[in-house]
Amino acid sequence: MKAIVATDQAAEAAGITLAERPEPTPAINDVVVEVHASGFVPAEWEWPSTWVDRAGHDRAQAIIGHEFAGVVTSLGYGTTGLSLGQRVFGITDWHRDGTLAEYAAVEARNLAPLPGNVDFTVGASLPISGLTAWQGLFQHGRLQAGQSVLVHGAAGAVGSVVTQLAREFGAYVIGTGRAADRQAALDFGANEFLDLATGDLDDIGGVDVVFDVIGADIQRRSASIIRPGGTLVSVVGPVEARPVDGLAVDFVVESVPSQLVEIVDRVRDGRLRTHIGTVATLDDAVPALNPTERRKGKTVIRVRP
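These notes cover the structure that comes with them.

Basis of the calculations
- Residues numbered from 1 in each chain as written.
- Predicted model: local features only at pLDDT ≥ 70, side-chain atom pairs only at ≥ 80, totals over all residues.
- Heavy atoms only, no water.
- Helix = DSSP H or I, 4+ residues; strand = E, 2+ residues; numbered from the N terminus.
- Rg over C-alpha atoms; globule rule 2.2 N^0.38 Å.
- Buried < 20%, exposed > 50% of the residue type's maximum accessible area, 1.4 Å probe, protein only.
- Contact = heavy atoms within 4.5 Å.
- Areas by Shrake-Rupley, 256 points an atom, 1.4 Å probe, with all protein chains shown as cover.
- Lys, Arg positive; Asp, Glu negative; His and termini not counted.
- Charge placed at Lys NZ, Arg CZ, Asp CG, Glu CD.
- Phe/Tyr/Trp six-rings, centres within 6.5 Å; stacked < 30°, edge-to-face > 60°.
- Lys NZ or Arg CZ within 6 Å of the ring centre and 35° of its normal.
- Salt bridge = Lys/Arg side-chain N within 4 Å of Asp/Glu carboxyl O.
- Pairing = 2+ DSSP bridges.
- Core = buried A, V, L, I, M, F, W, Y, C linked by side-chain atoms within 4.5 Å.

## Brief notes about the overall build of the protein chain
Inference 1: What the protein chain contains, in helices and strands, is seven helices and 16 strands.
Inference 2: Relative to the compact-globule value of 19 Å for 305 residues, the protein chain shows a C-alpha radius of gyration of 19 Å, a close match.
Inference 3: In terms of overall dimensions, the protein chain has C-alpha extents of about 55 × 40 × 35 Å along its principal axes.
Inference 4: Residues classed as buried in the protein chain amount to 54% of the 305 residues present.
Inference 5: The long-range share in the protein chain, meaning contacts at least 24 apart out of those at least 6 apart in sequence, stands at 63%.
Inference 6: Only carbon and sulfur atoms are counted for the fraction: they give 49% of the accessible area of the protein chain, which is about 13,000 Å².
Inference 7: Across the protein chain, the 25 positively charged side chains and the 37 negatively charged ones have centroids separated by 4 Å.

The following block contains the structure:
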């Protein structure tokens, strides 16, 4: 089968290639999925699991990509809850071969049904961005109606979902980003927008939750405006700055099928829009995953027409 594999850690995206790999077979409690579309997170180059297995050994020619939508074609021994021919979407294990391939072996517990009226491309764009937003806001940020949320990168793949969910649950949302992202952030539901290049975070006053996808100096400055009892939620690694009288949480997204159902239900009824940027075929995936300029939104590779 065709697959996109990582060959050179130092080269990052420049070190990927389209290759032929054996089709996977399902282990116990696995399914094999015929992949129709796969999302991609550029930060994958920084994840240790891209380059080494759980024992610390180098992973040779690892298939990249970890979120996808497709159709179940094979069931492993003991697999329950899914059936042949079923449309599914979700996240694969970080240390296993990924989803930028024609087929992927996945633990059945990591998958949720994909409704027939949700396109595979849309389904593939949801798992990581949607679950990151959901878990960051509700599990780690403990968001409550009436609170204020500062969302960095509010027009991005994750930030746009954070913005929409926060507004739905009754929060006041302040989005940030580049000047060119202002209208998109407002369209996704931000109540106001701050251009990080020209604006001052201190002018915002206090907020209850900061959702950080940037880190470094932006994170440090954001920590200082969190109200007592508030939370700084980070998805960019260990928190470097903590609120004086609040919590700081960094987390790695987990696959929770019940949350995937909540997310896709919102897509079906129009409460949630996913932000898809570049869409390319598997044959054209290498340049799409190694862009020469900044791209907005989620990159999705259509593996099958």
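There is more to say after this.
## Focus: the packing of aromatic side chains
Inference 1: Scanning all chains against the criterion turns up five aromatic pairs.
Inference 2: When the centroid spacing of 6.1 Å and the interplanar angle of 90° are considered together, the rings of W134 and F169 count as edge-to-face. Highlighted residues: W134 in helix α2 (residues 127-140) and F169 in the loop between α3 (157-168) and β10 (172-177), separated in sequence by 35 residues.
Inference 3: Overall, F169 belongs to the partly exposed group, its relative accessible area being 33%.
Inference 4: With a centroid separation of 4.5 Å and an interplanar angle of 55°, the aromatic rings of F138 and F169 are classed as tilted. A residue pair is termed long-range when its members are at least 10 positions apart, and F138 in helix α2 and F169 in the loop between α3 and β10 qualify at 31 residues.
Inference 5: A network of ring pairs unites the aromatic residues W134, F138 and F169 as a single cluster.
Inference 6: The ring centre of F120 lies 4.3 Å from the NZ or CZ of R87, which sits over that ring.

## So, the pattern of salt bridges
Inference 1: If you walk through the whole model with that rule in mind, you get 18 salt bridges.
Inference 2: With a shortest N-O distance of 3.2 Å, R109 and E107 are connected by a salt bridge.
Inference 3: Classification of E107 as partly exposed rests on a relative accessible area of 22%.
Inference 4: The partner of R271 in a salt bridge is D269, with the nearest N and O atoms 2.9 Å apart.
Inference 5: R271 gets classed as partly exposed once you look at its relative accessible area, which sits at 40%.
Inference 6: Salt bridges sharing common partners tie together E168, E262, R266, D269 and R271.

## Quick look at the sheet that holds strand β2 (residues 16-20)
Inference 1: Strand order in this open sheet of three strands is β2-β1-β4, and the pairing throughout is antiparallel. Both outer strands of the open sheet, β2 and β4 (62-63), are each paired with one neighbouring strand and no more.
Inference 2: Sheet analysis places strand β1 (residues 2-6) next to β4, joined by two bridges and oriented antiparallel. Bridge pairing links A6 to A62 in β4.

## A short note on the nonpolar core
Inference 1: By size, the foremost hydrophobic cluster in this structure holds 44 residues, and its most contacted members are F89, L114, L137, L143, V149, V162 and A166.
Inference 2: Contributing elements (two or more residues each) for this core: β5 (67-75), β6 (87-91), α1 (120-125), α2, β9 (148-151), α3, β12 (207-212) and α6 (257-268).
Inference 3: Once you skip the residues sitting within four places of it in the chain, L137 turns out to touch R142, L143, V149, V162, L165, A166 and F211.

## With respect to the side chain of Q164
Inference 1: You can see Q164 is positioned in helix α3.
Inference 2: Exposure remark for Q164: the relative accessible area of 9% places this residue in the buried category.
Inference 3: If sequence neighbours within four positions are ignored, Q164 has contacts with F188, R271, L272 and R273.

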